[in-house]
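Structural description and commentary
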Amino acid sequence: MAESEQTRNSLADFLREPVGRALDEERRYNTVRLALLRFIGVSAILAITVYLARVQGLADWEVYLPPFSAYWLCTGVTLAVVLRWPRAASWAGLSLAVVDVPAIYWLQHLAIPVSPSPGGVAGFTLGLYSCVIVLSALSLRRQVTFTVTAVAALAEVTLQAEANIGMGARVVAVVVLALTAGASRYLFHRIRVLISAVTSEELKRAQLGRYFSPAVADRLQDLASPVSSPELREVTILFADLRDFTALSERLSPEAVVAILNEYYGRMVEVVFRHGGTLDKFIGDSLMVYFGAPLPEPQHARRAVECALEMMLELEAVNAERAARGEPGLRMGVGLHTGRVVLGNIGSVTRRLEYTAIGDTVNLANRIERLTKQHGTPVLVSRDTREQAGDGFLWQELPPTLVAGKREPVATFSPQPSPARVGANGAARKPRSGERRLLPRVSSEDG
């Protein structure tokens, strides 16, 4: 039970990570822009104050030069910090509480004794503090907003006391600031929801890229939920399985096993995507792929056979690299069958749904893949796949074999790319330098 809870927590942390990164990026962006705009604004106000006090000779404005100069210096330092250290930008919103709120209080404190309406000065300051609280929401941190609100409330109450404003008005001022903080908190929540929604869409797009070829994934973005309803469709199913990998993995560390599978899957999936295949799932040391869905592909059988042949050539390249590292080679069997399957979201609506193919076609493709070991050939296809793939390959018919779930023996064929196909359009990749052909040359059969 504790392990299950720990697994759920780990999964939740994994799902929260992209949203957290997006929020951090938004915080840094907002903080840098806010620091820049604040520095520009304070610089403009300081320039006006200098002009009125020194150029126009207005003595009343001389008193504001020290606080405005200090305010300008602090905003400049804050801007330099957030530009120099991006991590600091995440919490730089606290400068509103330690710089802006005290600066506003200092300026208004100087204005109250010379103002004909001290209460008006305190009321104007309440509006300024409300604006500062709203700006604090751009930090996307509740702690920053609450800290700015608390400091602003204390400064406003002190200022109203200096203006001889009654206790009732002070309470009203605190309530106004609290309501502003609440509204800002709601703003923070809405921004977070929007960021989460955008991040979720990015994750969905990335998920499509894991299961579909790039071309199919791009087209799916423009379709209105093409995989939402189950459908019956003819496809070609491909199963690929590593031979004797269980025995090999028992002699290796878990890290080495995972490294081998990652290398193998990474190379095979690239081949699948190059041929327009859809990765259905990884099953231990095997993978299931189908061609012809979710988007129609008239030549799905041919594309699947070409993919299987190139997968074998790619495995030769992998084994050459492994041999250079002094590591044992890998062997693989690939089975294909063409037929009708049910495609749709299968699983728990509340827990997990998986878009997959089910039906007898899937089962038979899996059985045919197992026959590759019995017949001693790396790639086997059913009669249906052989007929739909066409005569662009050299075929060797193998003896019909009984498989589980079938009363009649299943006819299978071993394909080889024809020289004409390789030379004309490169449908099957030519061996790389140092590679040898894994499949034997066989004569063409009408089978």
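Residues numbered from 1 in each chain as written. Predicted model: local features only at pLDDT ≥ 70, side-chain atom pairs only at ≥ 80, totals over all residues. Heavy atoms only, no water.

**Let's talk about a nonpolar patch on the surface**
Basically, it comes down to this: To count toward a patch, a residue needs a relative accessible area above 30% and no salt bridge. Like charges then connect within 9 Å, nonpolar side chains (Val, Leu, Ile, Met, Phe, Trp, Tyr) within 5 Å. Each accessible area value is a Shrake-Rupley result obtained with a 1.4 Å probe; residue values ignore everything except the protein chains displayed when judging cover. Salt bridge criterion: a side-chain nitrogen from Lys or Arg within 4 Å of a carboxyl oxygen from Asp or Glu. Secondary structure is summarised from DSSP: a helix means a run of H or I of at least four residues, a strand means a run of E of at least two, and numbering begins at the N terminus for each.
A cluster of nonpolar side chains, contributed by Met167, Val171, Val175 and Leu179, occupies part of the molecular surface with about 400 Å² of accessible area. With respect to the secondary-structure elements, leucine 179 resides in helix 7 (residues 167–211).

**So, helix 10 (residues 254–274)**
Note the cut-off: To estimate the expected span of a helix, count its residues, drop one, and scale the result by 1.5 Å. Summary of the burial criterion: residues with accessible area below 20% of their type's maximum are buried, those above 50% are exposed, and those between are partly exposed, where the area comes from a 1.4 Å probe applied to protein chains only.
Taking 1.5 Å of rise per residue, the 21 residues of helix 10 would be expected to cover 30 Å, and the 30 Å separating its terminal C-alpha atoms lies within 8% of that figure. Every buried residue belonging to helix 10 is among Val257, Ile260, Leu261, Glu263, Tyr264, Tyr265, Arg267, Met268, Val269, Val271, Val272 and Phe273, and all of these are buried.

**What about the side chain of serine 414?**
To be explicit about the condition: What qualifies as a polar contact is a pair of N or O atoms within 3.5 Å, subject to a donor-acceptor requirement within protein and to the restriction that residues adjacent in sequence count only when both atoms come from side chains.
Looking at the element boundaries, serine 414 is found in strand 8 (residues 410–417). A distance of 3.1 Å separates the side chain of serine 414 from the side chain of threonine 377, its partner in a polar contact.

**Description of the packing of helix 4 (residues 95–111) against helix 6 (residues 142–162)**
What counts is decided by this rule: Here an axis means a line fitted to C-alpha atoms, over the contact stretch when the element is a helix, while the angle between two N-to-C directions is reported on a 0 to 180 degree scale. The labels follow the angle: roughly parallel below 35 degrees, roughly antiparallel above 145, roughly perpendicular from 65 to 115, and oblique for the rest. Whether two residues are in contact is decided by their heavy atoms, any of which lying within 4.5 Å being enough. Following the grouping adopted for this structure description, the nonpolar residues are Ala, Val, Leu, Ile, Met, Phe, Trp, Tyr, Cys and Pro, the charged ones are Asp, Glu, Lys and Arg, and the polar ones are all others, Gly among them.
Where helix 4 meets helix 6, the closest approach of the two axes is 9 Å, and the angle between their N-to-C directions is 10 degrees. Taken together, helix 4 and helix 6 sit at an angle that is classed as roughly parallel. Here Leu96, Ala97, Val101, Tyr105, Gln108 and His109 of helix 4 come into contact with helix 6, specifically with Thr147, Val148, Val151, Ala152, Ala155, Thr158, Leu159 and Glu162. In terms of residue class, the contact of helix 4 with helix 6 is made up of nine nonpolar, four polar and one charged.

**Focus: the nonpolar core**
Our working rule: To qualify as a nonpolar core, a set must consist of buried Ala, Val, Leu, Ile, Met, Phe, Trp, Tyr and Cys residues joined through side-chain atoms within 4.5 Å.
The biggest cluster of nonpolar side chains holds 39 residues, and the ones touching the most others in it are Leu238, Ala240, Tyr264, Met311, Met332, Val334 and Leu336. When residues of this core are assigned to their parent elements, the largest contribution, 10 residues, is made by helix 10. Excluding its chain neighbours within four sequence positions, the residues that come into contact with methionine 311 are Leu238, Ala240, Met268, Val271, Val272 and Met332.

**Points about the pairing of strand 2 (residues 278–283)**
Using the following cut-off: Here, any two strands with at least 2 DSSP bridges between them count as paired.
Across five bridges, the pairing between strand 2 and strand 3 (residues 286–291) is antiparallel. Considered in strand 3, the bridge of isoleucine 283 is made with serine 286. A loop of two residues connects strand 2 with strand 3, the two strands running antiparallel in sequence, and glycine 284 in this loop sits at a positive phi of about 65 degrees.

**Things to note about the layout of surface pockets**
To keep it simple, the criterion reads: The definitions used throughout rest on a 1 Å grid laid over the protein atoms alone, on which a cavity is an enclosed set of points accommodating a 1.4 Å probe that cannot get out and a pocket is an open set flanked by protein within 12 Å on both sides along at least five of seven lines; lining residues are those having an atom within 4 Å of a point. Grid points are joined across faces, edges and corners, and a volume is the space filled by probe spheres set on the points.
In this structure, the second largest pocket occupies an estimated 500 Å³ of space. Counting only elements with at least two residues in the lining of the second largest pocket, the list comes to helix 1 (2–55), helix 2 (65–84), helix 4 and helix 5 (118–136). When its residues are assigned to classes, the lining of the second largest pocket shows 15 nonpolar, two polar and two charged.

**Here's the deal with the packing of aromatic side chains**
Heads up, the rule is: Side-chain rings of Phe, Tyr and Trp (the six-membered ring for Trp) are treated as a pair once their centres are within 6.5 Å; stacked means planes under 30 degrees apart, edge-to-face means over 60, and tilted covers the remaining angles. Our definition puts a charge over a ring when NZ of Lys or CZ of Arg is within 6 Å of the ring centre and also within 35 degrees of the ring normal.
Scanning all chains against the criterion turns up five aromatic pairs. Here tyrosine 265 and phenylalanine 282 contribute two aromatic rings whose centre-to-centre distance is 4.1 Å and whose plane-to-plane angle is 40 degrees, an arrangement assigned as tilted. Of the two residues, tyrosine 265 is situated in helix 10 and phenylalanine 282 in strand 2; the sequence distance between them amounts to 17 residues. On the accessibility criterion, phenylalanine 282 (41% relative accessible area) is partly exposed. For the ring pair phenylalanine 393 and tryptophan 395, a centre distance of 5.6 Å and an interplane angle of 65 degrees mean the geometry is edge-to-face. Classification of phenylalanine 393 by relative accessible area gives buried; the value is 2%. Since its relative accessible area comes to 0%, tryptophan 395 is described here as buried. Here a set of aromatic residues connected by ring pairs shows up, and it is made of Tyr264, Tyr265 and Phe282. Directly above the aromatic system of phenylalanine 413 lies the positively charged group of arginine 386, at a separation of 5.9 Å from the ring centroid.

**Focus on the confidence of the model for the chain**
Short version of the rule: Scored between 0 and 100, pLDDT is the confidence that the predictor attaches to each residue.
Averaged over all residues, the pLDDT of the chain is 81; the fraction at 70 or higher stands at 80%. Every residue in residues 223–227 is under pLDDT 50, and counting partners more than four places away or in other chains gives five contacts. Scored below 50 in pLDDT, residues 423–447 makes 51 contacts in the model with residues more than four places away or belonging to other chains.

**A few points about the pairing of strand 1 (residues 231–242)**
Strand 1 sits mainly inside the fold: nine of its 12 residues count as buried. Direction of pairing for strand 1 relative to strand 3: antiparallel, over a ladder of six bridges. From the neighbouring strand, leucine 238 faces strand 3, where its bridge partner is valine 289.

**Considering the side chain of arginine 243**
By the element assignment, arginine 243 lies in the loop between strand 1 and helix 9 (245–250). Among the polar contacts listed, one links the side chain of arginine 243 to the side chain of aspartate 241, at a separation of 3.1 Å. Within the structure, the side chain of arginine 243 is placed 2.9 Å from the backbone oxygen of glutamate 369, a separation counted as a polar contact. Setting aside residues up to four positions removed in sequence, arginine 243 forms contacts with Arg331, Met332, Gly333, Glu369, Arg370, Thr372 and Lys373.

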